[in-house]
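# Chains, contacts and geometry: an overview
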Amino acid sequence: MTDILLLTPPFVQPNCPYPATAYLTGYLRRKGFKVEQADLSIETLSTVFSRPFLENLFDNYDGSGDDNCDRIWALRGDYLATIGPVMEFLRGKDSTIASLICSPEFLPQAGRFEGAESIEEHFGTLGSKDCAEYLATLYLQDLSDFIRATVSEDFEIVKYGEQLAVAIAEFSTIEQELQKPRNAIENTMCELLRGHIERTQPRMVGLAVPFPGNLLAALRIGQYIKANYPDIKVVMGGGYPTTELRTMSDKEIFRYVDFVVLDDGELALERLLSGGGMIHTYTAEGYTEGDGSRISHAQRGCPDFDGLPHHLYFSLTEVTNPMHRLWSDGRWNKLMLAHGCYWAKCAFCDTTLDYIGCYDAIDAATIVDYMEQVAAQTGSRGFHFVDEAAPPRLLKELSLELLRRGDRFSWWTNIRFEKSYTGDLCALMARAGCVAVAGGLEVASDRLLAMIGKGITIEQATLAMRNFYYAGIMVHTYLMYGLPTQTLQESIDAMEVVRQMFRAELIGSAFWHRYAMTVHSRSGQSPEEFGVRRKDRFANPFANNEVPFAENRGYNIEMVGEGLNLSLANYLVGSGIDRPLHKWFGGKVPQTTIPNTLITDHLIKPDACRIYNDSARIVWIGGGVQLTDEGIVIRTPSTEKEVKLPEMEAEFVAAVIEQVADLGEHYTFEQIRTLWEENFDRPFIEFYSSKKWDIIRKAGLLQV
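Summarised in this report is the structure supplied together with it. Here, residues in each chain are numbered from 1, in the same order as that chain's written sequence. With pLDDT at 70 or above as the cut-off, local features in this predicted model cover only qualifying residues; side-chain atom pairs require 80 or more to be listed or tallied, and sums for whole chains, interfaces and linings still use all residues. The side-chain quantities take in all heavy atoms of the structure and omit both hydrogens and water.

The subject of this paragraph is helix α13 (residues 215-228). Under the scheme used here, helices are H or I runs from DSSP no shorter than 4 residues and strands are E runs no shorter than 2 residues, and both carry numbers assigned from the N terminus. The span one expects for a helix is its residue count, reduced by one, times 1.5 Å. Spanning 14 residues, α13 covers 20 Å between terminal C-alpha atoms, matching the ideal 20 Å at 1.5 Å per step. For α13, the tally of buried residues reaches 10 of 14 residues, placing the bulk of the element in the interior. Three or more residues of α13 are buried, namely Leu215, Leu216, Ala217, Ala218, Leu219, Arg220, Ile221, Gly222, Tyr224 and Ile225. Three labels apply to residues, based on accessible area from a 1.4 Å probe with only protein chains included: buried if under 20% of the type maximum, exposed if over 50%, partly exposed otherwise in between.

In structure tokens, the structure reads:
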């Protein structure tokens, strides 16, 4: 018998496992419990996109759909013939079919292909694999449209029934859906669930519910278990209950689950399994906060992905933008460098909750140990660090440790655009495998950035973006509109800042979010401090997250949002960069007050890593160095650079590089300066400021 079976309910991103069950599995197994895990999200999705499911779907089509559905049904033979090869291609198992997918008569085409981006413009005569992945994604989206029309309007590839779970005041709203007969997707999920229960014989089932789009499926699972396996206890936890169910007084959910856990689940599950005192757990009798115990991030340990169906995950390319597609394309192992956010001051963020406010990191050597373990388990050397914001100091140490060990991984993460990201730090990260970062520019206004406590300025963000760009690291930025007190003028000015950043190629992609005031944020708890008032002070009996507020905005926020998103959709594909801003909007908007050279004026400012600092660490990430009659030659995998130097200077540089190339040792400029002064009469700063030093720096001598 298994102590607990941990499940990810449908649906989350299909390209890689969501890490919640893996972290819980690793922790609980180290505590001696018998733990199994399964990803019902990818298993259900893989069954839905299979010939047997589609064959049954087409056989039962009654012709009541729209013209698009009729077209898909008419092409059912083509869909049944291609679904298997397409899924194998998207799983990375058969790249030979890419050319066929790109040919005009292989894939059946319905409504999604009509608005598709120009294939020739983005892929040309090369990139057939990328092109095929994009076309195959459109193909699955067409099938998804058919499934929504004929099986369930709640179905989407990356979520299920989200609209039922968003801002749900009373549980009865979603229970009405649970009282309906299960549809074909839910029957598929429950059949897969039955197989896992019969195989593992668990005494408890844990449901990870990170998003509103997992709640309906999680409750269906609980409903099925209660009806068929009444002795099994069901516990639900994750991001959704942690943020939305903290003040729950409506207890109807306990007809479907036995426990609802808030915040981190490791210790709470350990207590439930061992019979110890409950901690931050709801039952039908009420809420138990417990004794306040917590585990450290180090105690949480390495996630264990054993038992997950790594052969089923598949990539999608929903947009051709290379940065934007990282979320859905590739087998990125998800890992946390640290628990919580090292900044934790942004007024719009849930800083009062542990997952943000309780910061706790592990050291770089331990992180790389985890990376090596996870890569061996999953077969993937790509990592997405899912921190709220990765600390720059830890990223530096991580990069040095990866290079010291000679480990080759590809990785990306969330960051804050702060001044610590100098050109040299970005170059170090790139050399260690960093391919992209994502960070919040939010409202793109210095006044509003200060108001929300973001701790950055437009200038600071621009310089960080510049340094990432020069290092070859792609940049995504999160954007926000509709912030309290934000004027229409400030909205247009923010759009101009973003336009200039795209024009300068500082950012590769972005996304505009409409501001939402949440109950766990500083703005939600004290809205008057931000110039607005709360509309309703009474808590909902079930879910509480977004705070309704009133303000004298004086402009059409929907019109602004539509214009911002329309312009961004064009910027993402390199279109419309120089189009006048007002032409993106359906109503009258003011001219921007932002100077046309705001961003380019920032770009010419010097980089902080060129300021001499005795205590700064110096490292070498370049290639091999050889002394010659005229100086030194530096050889990298792709280049060979000769630097002409007098004999003594050449020997000095070669000696310095040999020392600082050992990343297990810590050398500072003070030590290098001392070595110089032992051999030369003139000051070291003179050599440091020379063109020769600049050439050596660009070859890989970094000040970090």
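Turning next to the packing of helix α19 (residues 392-405) against helix α20 (residues 423-431). Where α19 meets α20, the axes come as close as 9 Å, and the angle between the chain directions of the two elements is 45°. Judged by the angle between their axes, α19 and α20 are oblique. The chirality of how α19 crosses α20 is left-handed. Contacts between α19 and α20 pair Pro392, Leu395, Lys396, Ser399, Leu400 and Leu403 from the former with Leu425, Leu428, Met429 and Arg431 from the latter. Only Asp, Glu, Lys and Arg are considered charged in this grouping, and only Ala, Val, Leu, Ile, Met, Phe, Trp, Tyr, Cys and Pro are considered nonpolar; every other residue, Gly among them, is considered polar. By residue class, the composition of the contact of α19 with α20 is 7 nonpolar, 1 polar and 2 charged. Helix axes use the C-alpha atoms of the stretch in contact, all axes being lines fitted to C-alpha atoms, and the angles between their N-to-C directions lie in the range 0 to 180 degrees. These descriptions rest on fixed angle ranges, namely under 35 degrees for roughly parallel, over 145 for roughly antiparallel, 65 to 115 for roughly perpendicular, and the rest for oblique. Should the near helix be turned anticlockwise from the far one by less than a right angle, the crossing is termed left-handed; should it be turned clockwise, right-handed. Contacts: residue pairs with any heavy atoms within 4.5 Å of one another.

Most peptide bonds are trans, and most residues other than glycine sit at a negative phi. Look at the link from Pro10 to Phe11: it is a cis peptide, with omega at -10°. Following the sequence through the fold, Phe11 ends up in the loop between β1 (4-8) and α1 (20-30). Of note in this structure, Thr485 is not a glycine but carries a positive phi near 75°. Following the sequence through the fold, Thr485 ends up in the loop between β16 (474-481) and α23 (488-503).

Let us now look at the pattern of salt bridges. Salt bridges are defined as contacts in which a side-chain nitrogen from Lys or Arg sits within 4 Å of a carboxyl oxygen from Asp or Glu. One pass over the full model with this rule turns up 42 salt bridges. Note that Arg300 is salt-bridged to Glu266, the shortest N-O span being 3.0 Å. Residue Arg300 is found in helix α16 (residues 297-300), and its partner Glu266 is found in helix α15 (residues 266-274); the two are separated by 34 residues along the sequence. The exposure class of Arg300 is buried, given its relative accessible area of 2%. Arg294 is paired through a salt bridge with Asp354; the nearest N and O atoms lie 3.2 Å apart. One end of the pair, Arg294, is in the loop between β9 (286-288) and α16; the other, Asp354, is in helix α17 (residues 354-357), and 60 residues separate them in sequence. Using a relative accessible area of 49% as the deciding quantity, one classes Arg294 as partly exposed. Given a relative accessible area of 25%, Asp354 falls into the partly exposed group.

This part covers α1. Counting buried positions along α1 yields 8 of 11 residues, so the element is predominantly enclosed. Within α1, burial applies to Thr21, Ala22, Tyr23, Leu24, Thr25, Gly26, Tyr27 and Leu28. The inward-facing, buried residues of α1 contact β1, β2 (35-39), β5 (204-208), α15, α16 and β10 (332-335). Where α1 ends, the next residue or the one after it, Gly32, has phi of about 95°, a positive value.

On their own, these measurements won't tell you what the molecule is for.
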